[in-house]
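One letter stands for each residue in the lines below.
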Amino acid sequence: MSRVGRAPVAIPAGVTVDVKEGVMTVKGPKGTLTQDIDPQIAVAVEGGNATLTRANDTKELRAKHGLYRALLHNMVVGVTNGYTKSLVINGVGYKVAKQGNKIVLNVGYSHPIEFAEIEGIKLDCPTQTEISVSGIDKVKVGQVAANIRSIREPEPYHGYGIRYKDEVIERKEGKTAGK
């Protein structure tokens with residue numbers, strides 16, 4: 001049996017989990033998330049815990065068992081606490097500013113780059129060199145953060161660019177003078 005799939009998901013007070021016609025719905029204080037689920041995976045909610053069981057032991061279904069358990073856990077955490085990714089901008093003259101529902105990045109191009117918020121995702125700029133991406137859907141938060149990072153990926157010689165706050169950039173040694 002899957003080690004991830006057999007672990008129960010704790011459901012805090014104020015959160016409801018429903019499964020109808022192959023769609024798993026999680027409602028909580030921060031919002032509602034839905035996820036399509038394989039009909040051979042059954043979700044049972046009892047006593048503040050949700051457990052997932054599978055119909056048989058095929059290789060594909062064993063993989064999906066752990067996947068859907070992890071997705072359910074991410075949904076429960078999202079509707080209770082939410083997710084946040086922080087990005088840092090490093091470079092001479094590089095900065096970011098929030099204007100309405102979009103952020104404007106000056107990251108070494110001849111023009112400023114505008115990045116608009118999408119539904120369910122909030123963009124903040126605590127300082128001129130930091131961006132905070134937050135929301136209830138872990139996948140959307142990660143994808144938006146990756147899209148912002150791809151505007152100017154960090155380069156290995158000086159570390160200029162947009163990186164995750166906890167990311168470590170492997171620095172390369174520059175040219176050395178010959179004799």
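Small disclaimer: the values here were computed from a predicted structure and weren't measured.

### Notes on unusual backbone geometry
Thinking step 1. With phi around 50°, Glu-21 is a residue other than glycine that occupies positive phi space.
Thinking step 2. Considering the arrangement of structural elements, one finds Glu-21 in the loop between β2 (16-20) and β3 (23-28).

### Some points on the packing of aromatic side chains
Thinking step 1. As enumerated under the stated definition, the model contains one aromatic pair in all.
Thinking step 2. Between Lys-85 and the ring centre of Tyr-164, over which it is positioned, the NZ or CZ distance is 5.1 Å.
Thinking step 3. For the cation-ring pair, Arg-152 lies above Tyr-109, with the distance from its terminal atom to the ring centre recorded as 4.3 Å.

### Comments concerning the UniProt feature "domain: Large ribosomal subunit protein uL6 alpha-beta" (unreviewed entry) in the chain
Thinking step 1. Mapped onto the present numbering, the UniProt feature "domain: Large ribosomal subunit protein uL6 alpha-beta" (unreviewed entry) falls at residues 11-82 and 91-164.
Thinking step 2. A helix fraction of 31% and a strand fraction of 40% characterise residues 11-82, whose end C-alpha atoms lie 15 Å from each other.
Thinking step 3. The span residues 91-164 is 16% helix and 38% strand, and its two end C-alpha atoms sit 14 Å from each other.

### Things to note about the sheet that holds strand β5 (residues 41-46)
Strands in a sheet are paired, the pairing made by backbone hydrogen bonds, and the direction either parallel or antiparallel.
Thinking step 1. Taken together, three strands build an open sheet; the order of strands is β1-β6-β5 and the sheet is antiparallel. At either end of the open sheet lies a strand with only one pairing partner, and these are β1 (9-10) and β5.
Thinking step 2. Where β1 meets strand β6 (residues 49-54), two bridges bridge the pair, whose relative direction is antiparallel. Across the sheet, Ala-10 pairs through a bridge with Asn-49, a residue of β6.

### Quick word on the nonpolar core
Thinking step 1. If you look at the biggest cluster of nonpolar residues, it comprises 20 residues, and the most contacted ones within it are Leu-105, Ile-131, Val-133 and Ile-148.
Thinking step 2. Elements that contribute at least two residues to this core include exactly β7 (83-90), β9 (102-106), β10 (113-116), β11 (121-124), β12 (130-135) and α2 (138-149).
Thinking step 3. Per-element tally for this core: the top contributor is α2, with four residues.
Thinking step 4. Beyond its immediate sequence surroundings of up to four residues, Ile-148 is in contact with Leu-87, Ile-103, Phe-115, Leu-123, Ile-131, Val-133 and Ile-162.
Thinking step 5. If you look at the next biggest cluster of nonpolar residues, it comprises 19 residues, including Val-15, Leu-52, Met-75 and Ile-136.

### Side note on the side chain of Thr-25
Thinking step 1. Residue position: Thr-25 is located in strand β3.
Thinking step 2. Once residues lying within four places of it in the same chain are set aside, the contact partners of Thr-25 are Thr-16, Val-17, Asp-18, Thr-32, Leu-33 and Thr-34.

### Points about the pairing of β3
Thinking step 1. Sheet analysis places β2 next to β3, joined by five bridges and oriented antiparallel. Across the sheet, Val-17 pairs through a bridge with Val-26, a residue of β3.
Thinking step 2. The turn joining β2 and β3, which pair antiparallel and follow one another in sequence, is formed by two residues; a positive phi near 50° is taken by Glu-21.
Thinking step 3. Between β3 and strand β4 (residues 31-36), which pair antiparallel and follow one another directly, the connecting turn spans two residues.

### Examining the sheet that holds β12
Thinking step 1. With respect to topology, four strands assemble into an open sheet ordered β11-β12-β7-β13, the strand pairing being antiparallel. Both outer strands of the open sheet, β11 and β13 (161-164), are each paired with one neighbouring strand and no more. Adjacent strand axes in the sheet meet at a mean angle of 20° when their direction is disregarded.
Thinking step 2. In this sheet, β12 lies alongside β7 in antiparallel orientation, the contact comprising six bridges. Looking at the pairing, Tyr-83 lines up with Gly-135 of β12.
Thinking step 3. Across the face of the sheet, α2 comes into contact with β7, β11, β12 and β13 while running at roughly 10° to β7.

Conventions used here
- Residues numbered from 1 in each chain as written.
- Predicted model: local features only at pLDDT ≥ 70, side-chain atom pairs only at ≥ 80, totals over all residues.
- Heavy atoms only, no water.
- Helix = DSSP H or I, 4+ residues; strand = E, 2+ residues; numbered from the N terminus.
- Phe/Tyr/Trp six-rings, centres within 6.5 Å; stacked < 30°, edge-to-face > 60°.
- Lys NZ or Arg CZ within 6 Å of the ring centre and 35° of its normal.
- UniProt positions renumbered as here; feature names shortened; annotations may be inferred.
- Pairing = 2+ DSSP bridges.
- Core = buried A, V, L, I, M, F, W, Y, C linked by side-chain atoms within 4.5 Å.
- Buried < 20%, exposed > 50% of the residue type's maximum accessible area, 1.4 Å probe, protein only.
- Contact = heavy atoms within 4.5 Å.
- Axes fitted to C-alpha atoms, helices over the stretch in contact; angles between N-to-C directions.

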